[in-house]
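Commentary on secondary and tertiary structure
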Amino acid sequence: MDYDMLVIGSGPSGRRAAVQSAKLGKSVLVVDRGRRLGGVSVHTGTIPSKTLRETVLNLSGWRERGFYGRGYRVKQDISVGDLIERLHKTLDHEVEVLQHQFMRNTVKSARASVKFIGPNKVSLTSDNGDYSEVGFAHALIAVGTRPHRPRDVPFDKTRVFDSDEMLELGQLPRTLTVIGGGVIGVEYATIFSALDVPVTLVEPRNTILDFVDREIVDDFIHQMRDRGMTIRLGSAVKEIRSKPETAEVELADGRTIRSDVVLYAAGRTGNVGTLGLDVVGIEADSRGRIKVDPQTFQTSVPNIYAAGDVIGFPSLASTSMEQGRVAACHAFGVALPPPPETFPYGIYAVPEISTVGQSEEQVRQSGGAYEVGVARFRETSRGHIMGVDTGFLKLLFSIETRRLLGAHIVGEGATELIHIGQAVINLGGTVDFFVNNTFNYPTLAEAYKIAGLDAWNRMGRG
Ligand SMILES: Cc1cc2nc3c(=O)[nH]c(=O)nc-3n(C[C@H](O)[C@H](O)[C@H](O)COP(=O)(O)OP(=O)(O)OC[C@H]3O[C@@H](n4cnc5c(N)ncnc54)[C@H](O)[C@@H]3O)c2cc1C
């Protein structure tokens, strides 16, 4: 065997599996067909969109508008160049850190397209046609996904873009239509809206972000509409047309939306087409997703694992990393405790949403008695100092056990603050934790104390 572990794809799951395997003293090769290491996460997904968001919030002065009014701007005439400059610096840094991490851990890497030619062998074909074969004891398929591009959508990178292409915008759109009310669509829609670009969000279903607590989503939609975004729920798209002066989105209900640019962000497909999965007998579904054992991440072929977006939900960089680590540990016989039941979900829209544990709808469905505690950020002194006038934290507690069942946040800092809720849920903590502990003051985290007291006042001492 040439390598103990062959990792196909250098995104979060591949990277983490590679380093974990190396830490266990194994020989590792990571092969990626991309120009640089890092995967979707570094080059077109997580890091670019979050960098763009940060730049937009900083240059637009968004966080200060609570004090200085909606007309406030740190920089007038923000250009694509302003946005891209920081993006490139951040991405270069990410790649450098990754390369250094591989070097330190003696993880080898190669640039090529990988194809299975046997249960313990793959072929590597580089862009210039060089061909080689590599033998492995274990392999991890970490090939991720690409944007779903229906044939009848006229993607042209002039008027109609997919989410990977949005980073190649030549100039800021004067108006934008986003199709798809999933996480990616909502993030980009609100980021451009924060730049004062008029945005229309189109979603064929009657809701957006349907895995998130309804009260949080309702507040979020209210905030989006309040700042002038147009949201068309329950609107199926009939046709998208790219014209020289405008893009047109014709809806099934007869309305037509005209805008400078359309972002089509409705789903992603697994990169399995060229992997030669049939050679090893691994099947993928119609969206290119591979089925795995949810505890070990083994595919139907025991020495071949799959992790990250190619195995489907939740398709997050955060969960992908963990899946890669668990897969590597399993491959080399390292026993791990059962994974925690809950993990946080971060949606880096403007404003942020983050959620962990059960939504109120799920708690209600499970039938147990529960109590809710709510804290608005504007009730905290930190919120006053920051000029935060929106956003809230909602906690759900079981009346019987007093345990925290779910924590849900919309507003500034949500994706950081959620980890307090995550820790309390996964450590089996109760409402009394929030009531009895002192929180730093003034902080937004103090909202946990306020929400805890809010619920405790109705629940009593138990
Ligand atoms: C716009 C956007 C925003 C996002 N924001 C967030 C966020 O805020 N937080 C979060 O947690 N997640 C976010 N995600 C999701 C996150 O990016 C993915 O969950 C994560 O990148 C998946 O990692 P992965 O391990 O599956 O590999 P990926 O990052 O998908 O990388 C796969 C790699 O495999 C390579 N590859 C594919 N086929 C082959 C082959 N045959 N041979 C060799 N190499 C191959 C590709 O070149 C690619 O480099 C976002 C995604 C997008 C698109």
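Details of the structure are given in the entry above.
Definitions and cut-offs
Residues numbered from 1 in each chain as written. Predicted model: local features only at pLDDT ≥ 70, side-chain atom pairs only at ≥ 80, totals over all residues. Heavy atoms only, no water. Near = heavy atom within 4 Å. Polar contact = N/O pair within 3.5 Å; in protein donor to acceptor, adjacent residues only side chain to side chain. Areas by Shrake-Rupley, 256 points an atom, 1.4 Å probe, with all protein chains shown as cover. Helix = DSSP H or I, 4+ residues; strand = E, 2+ residues; numbered from the N terminus. Nonpolar A, V, L, I, M, F, W, Y, C, P; charged D, E, K, R; others polar. Pairing = 2+ DSSP bridges. Axes fitted to C-alpha atoms, helices over the stretch in contact; angles between N-to-C directions. Contact = heavy atoms within 4.5 Å.

**Comments concerning the site of the ligand**
Contacts to the ligand come from 36 residues, most closely from Ser13, Asp32, Thr46, Lys50 and Asp309. Between the ligand and lysine 50, the relevant distance is 2.8 Å, taken from an oxygen atom to a side-chain nitrogen or oxygen of the residue. Here an oxygen atom of the ligand sits 3.3 Å away from a polar atom, N or O, in the main chain of serine 315. Within the complex, 94% of the 1,000 Å² of free accessible area of the ligand lies under protein. Only helix 1 (12-23), strand 2 (28-32), helix 2 (39-43), helix 3 (46-60), strand 4 (113-118), helix 6 (183-194) and helix 9 (317-331) provide two or more residues apiece to the shell around the ligand. Grouping the amino acids of the shell around the ligand by side-chain chemistry returns 14 nonpolar, 17 polar and five charged.

**Focus on the sheet that holds strand 21 (residues 392-398)**
As summarised here, the arrangement of the five strands in space is 18-19-22-21-20, forming an open sheet in which the pairing is antiparallel. Of all the strands in the sheet, the pair left with one neighbour each is strand 18 (345-347) and strand 20 (370-376). Each neighbouring strand pair of the sheet contributes to a mean axis angle of 10°, computed without reference to strand direction. In terms of strand pairing, strand 20 meets strand 21 through seven bridges, oriented antiparallel. Bridge pairing in strand 21 places glycine 373 opposite leucine 395. Across the sheet, helix 14 (residues 446-459) touches strand 20, strand 21 and strand 22 (404-410), and the angle it forms with strand 20 is around 145°.

**Details of unusual backbone geometry**
Between valine 350 and the following residue, proline 351, the backbone shows a cis peptide bond with an omega angle of 5°. By secondary structure assignment, the location of proline 351 is in the loop between strand 18 and strand 19 (353-357). With an omega dihedral of 0°, the bond running from tyrosine 441 to proline 442 counts as a cis peptide bond. By the element assignment, proline 442 lies in the loop between helix 13 (431-436) and helix 14.

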